[in-house]
Amino acid sequence: MRLHFRNASIIDASGALPFRGTVTVEGNRIIAVTPSPAVAASQPDDEVIDCTGFTLLPGMTEAHCHISFNNLTSIYSAVEIQPEDHSLIALANAQLLLRRGWTSLFSAASAKPRVDVAVRDAINKGLFEGPRMRAAGQEMTPTGNLGDLDTTYMTFPRTLRFSVACDGADEFTKAARLAARDGVDTLKVNVSGDRDWGHMHADDTVTVITERELAAVMEVANARRLTVATHCSSSAGVKMCVRQGVPVIFHAPHADSEARDMLESVKDRVFVVPGAGFPIGMFRRHNEFRLGWTKEKLKSLEREIEIFSDCMTDLHKRGVRVLPGGDYGAFITSPMGENAKDLELFVDLFGFTPMEVIVAATRHGADLMQLGGETGQIKQGYLADMMLLDGDPLADIRIFQDPGRILAVMKDGKFAKRSGALSSAAPIRKTG
Ligand SMILES: [Zn+2]
């Protein structure tokens, strides 16, 4: 049986303008893209969905995803969840994101060592429906940096934390090998500090890791064919990542012109994922959540947003692949499921056109997932990962944020969501 999405406005993510046509799916593949309202020759048991007025586009990749960060209220709140419960919460989040159009997730760290791996494997075995996943383990971080939750008087079990503290190349090697043993796809390393968390951690302009420590992780990754992704906000950190061949750099707001030149020089093999929804959520919604933040705190968040905007606008102009997604669920002000807010931010703040951010979320996202040529475009022979929107996202990028306008999501040829409003059109007779 074949399924025809008839007379849709198709955004194929090649960068071409949308065109009207019919997309035909058989099994888990797109077998035809026919650019005209007329449906291709059909067999008697084919199903036809009339997509007049709707937009069909590839499923998206969440490029910095923490499915086990469950709308946290503090940096400690993930510790309190037991691993069994945590895996189920993460699975539910993965399924929520799939229904919102994110057919692929690139993890930016798991709150406990094997949560991502367990969810990914259960989905791949067919035990549960869910998106494609690149799983990560905990973040590897130097003592006194983001994710080091311990104090002199209080030590949490290593396996309950979203990070493991490592100092010196040998400890980073060990942590990387333990993560490899757990079955991760991605090793996450915290290269820089983070925004103001009070006295606890280095700030986001500080490069906390040494070149030898990062090289040790890269050595394990290269030997085991794993990806390395870094939390890296500082300029010196970005330069170190480029020198060491890190393919995925998260944040990067403080990259100076030399660091931006270096990123541009490797633009065919590097991805930058700003994750700016996190500070923006904190800034815009602090009242709603009664966070009681000081004027200084809000000023520094506002400044951070300006720095992000300046840097990402420039990197995008230089042709560096900057991808949406990031840290939804890591704090209550940017909850899990609202991830498509990033598409709007890219348009409003980073100078992307709606088409450019759609290509970033789909075609470039597939490249990040190492699935380029298989997903991320609507093209004959590609895997049928697609979403159907009510309306035109080029006219209003916010459509992605409204679950009611996401009429269907398909992953691997199966519907993860199908709105009751989507009726089957009359069967089409065989032609000729
Ligand atoms: Zn993150």
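Residues numbered from 1 in each chain as written. Predicted model: local features only at pLDDT ≥ 70, side-chain atom pairs only at ≥ 80, totals over all residues. Heavy atoms only, no water.

### Overview of the environment of Ile209
Note that Ile209 resides in the loop between strand 11 (186-190) and helix 4 (211-224). For Ile209, a relative accessible area of 4% gives the class buried. For the pair formed by Ile209 and Asn339, sequence separation is 130 residues and the distance between their alpha carbons is 29 Å. Dropping the residues within four chain positions of it, Ile209 is found in contact with Pro142, Phe172, Val189, Asn190, Val191, Leu214 and Met240. (Helix = DSSP H or I, 4+ residues; strand = E, 2+ residues; numbered from the N terminus. Buried < 20%, exposed > 50% of the residue type's maximum accessible area, 1.4 Å probe, protein only. Contact = heavy atoms within 4.5 Å.)

### Structural notes on the coordination of the zinc ion
The coordination sphere of the zinc ion contains the protein donors His64 (NE2), His66 (NE2) and Asp327 (OD), at a distance range of 2.0 to 2.1 Å. One chain supplies every donor to the zinc ion, and in sequence these donors are spaced H-x1-H-x260-D. By relative accessible area, His64 is classed as buried at 1%. On the accessibility criterion, His66 (1% relative accessible area) is buried. (Donors = N, O, S within 2.8 Å, 3.2 Å for Na, K, Ca; no water.)

### Here we look at helix 1 (residues 83-99)
Counted at 1.5 Å a residue, the expected span for helix 1 with its 17 residues is 24 Å, and the 25 Å between its end C-alpha atoms agrees. Looking at helix 1, one finds that the buried residues are His86, Ala90, Leu91, Asn93, Ala94, Leu96, Leu97 and Leu98. Residues of helix 1 that are buried in the fold lie against strand 6 (60-65), strand 7 (102-107), helix 2 (115-124), strand 17 (406-411) and strand 18 (414-418). Following helix 1 by one or two positions, Gly101 adopts a phi angle in the positive range, close to 105°. (Expected span 1.5 Å × (residues − 1).)

### With respect to a positive patch on the surface
On the surface, Arg158, Lys174, Arg177, Arg181 and Arg224 cluster together into a positively charged patch. Broken down by element, the residue count for the positive patch peaks at 3 residues, all from helix 3 (residues 169-182). Tracing the backbone through its elements, the reader meets Arg181 in helix 3. Classification of Arg181 by relative accessible area gives exposed; the value is 68%. (Patch = residues over 30% accessible without salt bridge, like charges linked within 9 Å, V, L, I, M, F, W, Y side chains within 5 Å. Areas by Shrake-Rupley, 256 points an atom, 1.4 Å probe, with all protein chains shown as cover. Salt bridge = Lys/Arg side-chain N within 4 Å of Asp/Glu carboxyl O. Lys, Arg positive; Asp, Glu negative; His and termini not counted. Charge placed at Lys NZ, Arg CZ, Asp CG, Glu CD.)

### Considerations on helix 7 (residues 277-285)
Among the residues of helix 7, those classed as buried are Gly277, Phe278, Pro279, Ile280, Gly281 and Met282. Turning to helix 7, the residues buried within the fold contact helix 8 (295-317) and helix 9 (341-349).

### Brief notes about the packing of aromatic side chains
Scanning the model with the defined rule gives 8 aromatic pairs in all. Aromatic side chains Phe5 and Phe415 sit 6.2 Å apart centroid to centroid with 65° between the ring planes, which places their arrangement in the edge-to-face category. A residue pair is termed long-range when its members are at least 10 positions apart, and Phe5 in strand 1 (residues 2-10) and Phe415 in strand 18 qualify at 410 residues. On the basis of relative accessibility, which here comes to 1%, the residue Phe5 falls in the buried class. Looking at Phe415, the relative accessible area reads 24%, which means it is partly exposed. Look at Phe278 and Phe331: their rings are 6.5 Å apart centre to centre, the planes differ by 55°, and that puts the pair in the tilted class. (Phe/Tyr/Trp six-rings, centres within 6.5 Å; stacked < 30°, edge-to-face > 60°.)

### Considerations on the environment of Arg100
As for its position among the elements, Arg100 is in the loop between helix 1 and strand 7. Overall, Arg100 belongs to the partly exposed group, its relative accessible area being 23%. The spatial distance from the C-alpha of Arg100 to the C-alpha of Gly59 is 9.4 Å, given a sequence separation of 41 residues. In contact with Arg100, not counting residues within four places along its chain, are Met60, Gly337, Met387, Pro403 and Ile406.

### So, the pairing of strand 13 (residues 248-251)
Summarising the sheet, strand 12 (residues 227-232) and strand 13 pair through 4 bridges and their orientation is parallel. Counterpart to Cys232 in the pairing with strand 13 is His251. Bridge count between strand 13 and strand 14 (residues 271-273): 3 bridges; the pairing is parallel. The residue of strand 14 that forms the bridge with Ile249 is Val272. (Pairing = 2+ DSSP bridges.)

### Let's talk about the domain arrangement of the chain
Its domain assignment divides the chain into domain 1 (2-59 + 376-418) and domain 2 (60-368). With centres defined by C-alpha atoms, the gap from domain 1 to domain 2 works out at 30 Å. Facing the 30 residues of domain 1 at the interface are 25 residues of domain 2. Carbon and sulfur atoms supply 67% of the area buried between domain 1 and domain 2, which totals about 2200 Å² over both sides. Ranking the residues of domain 1 by area buried against domain 2 places Ile397, Gln401 and Lys411 at the top, with a combined share of 26%. Taken together, the links from domain 1 to domain 2 amount to 2 salt bridges. If you look at where domain 1 meets domain 2, you find 7 residue pairs in polar contact (both at pLDDT 80 or more). Secondary structure elements with two or more residues in the side of domain 1 that touches domain 2: strand 5 (54-58), strand 17 and strand 18. Considering each element in turn, the side of domain 1 that touches domain 2 owes the most residues, 4 residues, to strand 17. In terms of residue class, the side of domain 1 that touches domain 2 is built from 19 nonpolar, 6 polar and 5 charged. (Domains from an automatic or database assignment. Buried area = accessible area lost by both parts, 1.4 Å probe. Polar contact = N/O pair within 3.5 Å; in protein donor to acceptor, adjacent residues only side chain to side chain. Nonpolar A, V, L, I, M, F, W, Y, C, P; charged D, E, K, R; others polar.)

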